[in-house]
Amino acid sequence: MFESFFENKKSWLSSEGPDSDIVISTRIRLARNIEGYPFPNRATLAQKNQVFLKVGEAYPKIEHLDSAFFLPMESIDDLDRQFLLERHLISQEHMHYPRGKGLILSRSEVVSIMINEEDHLRMQVIVSGFDLVKAWRIINKIDDEISTYLLFSFSPEIGYLTSCPTNVGTGLRASCMLHLPALVMTKRVDKILELLAKLSFTTRGLFGEGTQALGNFFQISNQVSLGMSEEEIMDSLAGVVKQVKEQELNARENLLKRYLPTLEDSVWRAWGILKCCRLISTKEALSHLSMLRLGVDLGIIKEVGKDIINRFFIMIQPAHLQKIEGKVLKEEERDYIRAELIREKLS
Amino acid sequence: MLCDICHKKIATVHLTEIVEGKVMELHICQDCAKNKAEELKQQLNISDFLGGLTLEGEDNKSMSIKCSFCGTTFYDFKKKGRLGCAKCYTHFKSQLLPLIKKIHGSNEHKGKLPKKVEEKVIVDRNLKILKERLERAVKLEAYEDAAKLRDEIRELEKKVRKED
């Protein structure tokens, strides 16, 4: 399943969109629950199935979703679930316990709706580059349309009611994924993350909740979802992301001006390893790809395009490798295939 | 490289953590990694976090309050960090509102309204106005007006029922 996703040229990996040299992607999700049913953590399997069917009746009438995949999670095998996680289309929680859960996924991978995750609906839109306006336009329209068919749990005082009170109100979480190699190299990233936490923004790694900051990727998102309008939340996020982006640009300039030989050395060494390696782990590959990407951004390396490197960040992940190879691979086998794939694409 | 925790075995697991906004690198052996994984799991437990946020003056009485729709008690919520249904917000209102204020710094929704609710709010308001006018018309013995109003109300109520 999902083989066609390899051909998607316009997904969030495309390195298009505003400021995509630093801001890789923008994601917005809305948490919604359907009136009259307990939240998934309390619902029986039968109730979850009813929610699944109710959503199933509504989605085909909605623009962007008319030709979407609509699947019970149990019908998606382990490898494909991992594959969707690696492409940021489902969450860890949704992957691990598939019973009673469902998924709506647009063929373009822009829209995904997890059914019976923590809330009845977790609707997300993910686009390339720094583009909160575009992501909001799409998800707001879907939310409006779907809410004419489904009655959402809502209180005029505290807004959309969610399973966890940290999401109540707008139910909105907006996040931008930034590539910040120069801030990491110049050791300034700690200070910035500290500051973001003080301003009520959350920072996470490449794969969201509870993951490490691999490959110098950082996801910045809002913590507060109540007391501000959707626009205000997005404006404040846009403000801090812009600041961090400027800081990264400054750090890059500083590296170019004052540490050019060191910088060039790091970039070309990464290139050398990636072009010659025979065994490479995901973690090691990500760190070299990060340097390579920096080298391309700064014009040090011209032999390879940004979109190819962006795709690499995901292609080298375990489930992607196994789907490309069409079989289950052990860790050592993956390290070998990963090295081979990278060498091939870079030559 | 030796393990950062036990300093005995070779470090084969390399962790990058963000702790309170600081990036920490940790190189550890398999055994310590297992322990660390458990620890991380506990750190990420949202209910602890929410539990820490709930309020002083909570007594056994408030812990045993139960949602009549889904059966979740306030104690369940404190333990799991998750509410059982939308009605829990009503049943635990006096406990939840201060907590929500602590999390978000506000208790007031300023975002969008769901389309259905929006319509419902408007229809409810119209129905109320019509019913008041009907009452007034009956009092004034303006039966022609009253009949008209009664028809309008019926029409509107029929529409609402159909949508439900």
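Anything mentioned here points back to the structure above.
Residues numbered from 1 in each chain as written. Chains lettered and ligands numbered in written order. Predicted model: local features only at pLDDT ≥ 70, side-chain atom pairs only at ≥ 80, totals over all residues. Heavy atoms only, no water.

## Re the packing of aromatic side chains
Point 1. For the structure shown, the criterion picks out 12 aromatic pairs over all chains.
Point 2. Each ring, one from phenylalanine 217 of chain A and one from phenylalanine 313 of chain A, has its centre 4.7 Å from the other, and the planes form 90 degrees; the classification is edge-to-face. With a gap of 96 residues between them, phenylalanine 217 of chain A in strand 10 (residues 217-222) and phenylalanine 313 of chain A in helix 10 (residues 306-315) connect regions that are remote in the sequence. We note that phenylalanine 217 of chain A, like phenylalanine 313 of chain A, is buried.
Point 3. Connected via pairs of aromatic rings, a cluster forms that spans Phe2, Phe5 and Phe69 of chain A.
Point 4. When the ring centre of phenylalanine 69 of chain A is taken as reference, the NZ or CZ atom of arginine 107 of chain A above it lies at 4.0 Å.
Point 5. Against the face of phenylalanine 69 of chain B rests lysine 87 of chain B, its NZ or CZ located 5.3 Å from the ring centre. (Phe/Tyr/Trp six-rings, centres within 6.5 Å; stacked < 30°, edge-to-face > 60°. Helix = DSSP H or I, 4+ residues; strand = E, 2+ residues; numbered from the N terminus. Buried < 20%, exposed > 50% of the residue type's maximum accessible area, 1.4 Å probe, protein only. Lys NZ or Arg CZ within 6 Å of the ring centre and 35° of its normal.)

## A look at helix 12 (residues 331-346) of chain A
All names here are of chain A.
Point 1. End to end, helix 12 covers 23 Å across 16 residues, agreeing with the expected 22 Å (1.5 Å per residue, within 8%).
Point 2. The complete set of buried residues in helix 12 reads Arg334, Asp335, Ile337, Arg338, Ala339, Leu341, Ile342, Arg343 and Leu346.
Point 3. Looking at the packing, one finds that the buried side of helix 12 touches helix 8 (260-276), helix 9 (282-297), helix 10 and helix 11 (318-325). (Expected span 1.5 Å × (residues − 1). Contact = heavy atoms within 4.5 Å.)

## With respect to the pairing of strand 5 (residues 121-128) of chain A
Sheet faces and side chains relate simply in a regular strand, where the side chains alternate between the two faces.
All names here are of chain A.
Point 1. The buried fraction of strand 5 is high, at 8 of 8 residues.
Point 2. By the alternation rule, side chains of strand 5 split into Leu121, Met123, Val125 and Val127 and Arg122, Gln124, Ile126 and Ser128, which are all buried.
Point 3. Across 8 bridges, the pairing between strand 1 (residues 23-32) and strand 5 is antiparallel. Looking across to strand 5, one finds that serine 25 is bridged to serine 128.
Point 4. Strand direction decides the pairing type here: strand 4 (residues 111-115) and strand 5, joined by 5 bridges, are antiparallel. (Pairing = 2+ DSSP bridges.)

## Re the interface of chain A and chain B
Point 1. Taken together, the 54 residues of chain A in the interface contact 44 residues of chain B.
Point 2. Roughly 3900 Å² is buried in total at the junction of chain A and chain B, and carbon and sulfur atoms are behind 61% of that figure.
Point 3. Ranking the residues of chain A by area buried against chain B places Arg42, Pro165 and Leu226 of chain A at the top, with a combined share of 15%.
Point 4. Counting every contact that joins chain A to chain B gives 5 salt bridges.
Point 5. Aspartate 144 of chain A is the partner of lysine 112 of chain B in a salt bridge, and the nearest nitrogen-oxygen pair spans 2.9 Å. (Buried area = accessible area lost by both parts, 1.4 Å probe. Salt bridge = Lys/Arg side-chain N within 4 Å of Asp/Glu carboxyl O.)

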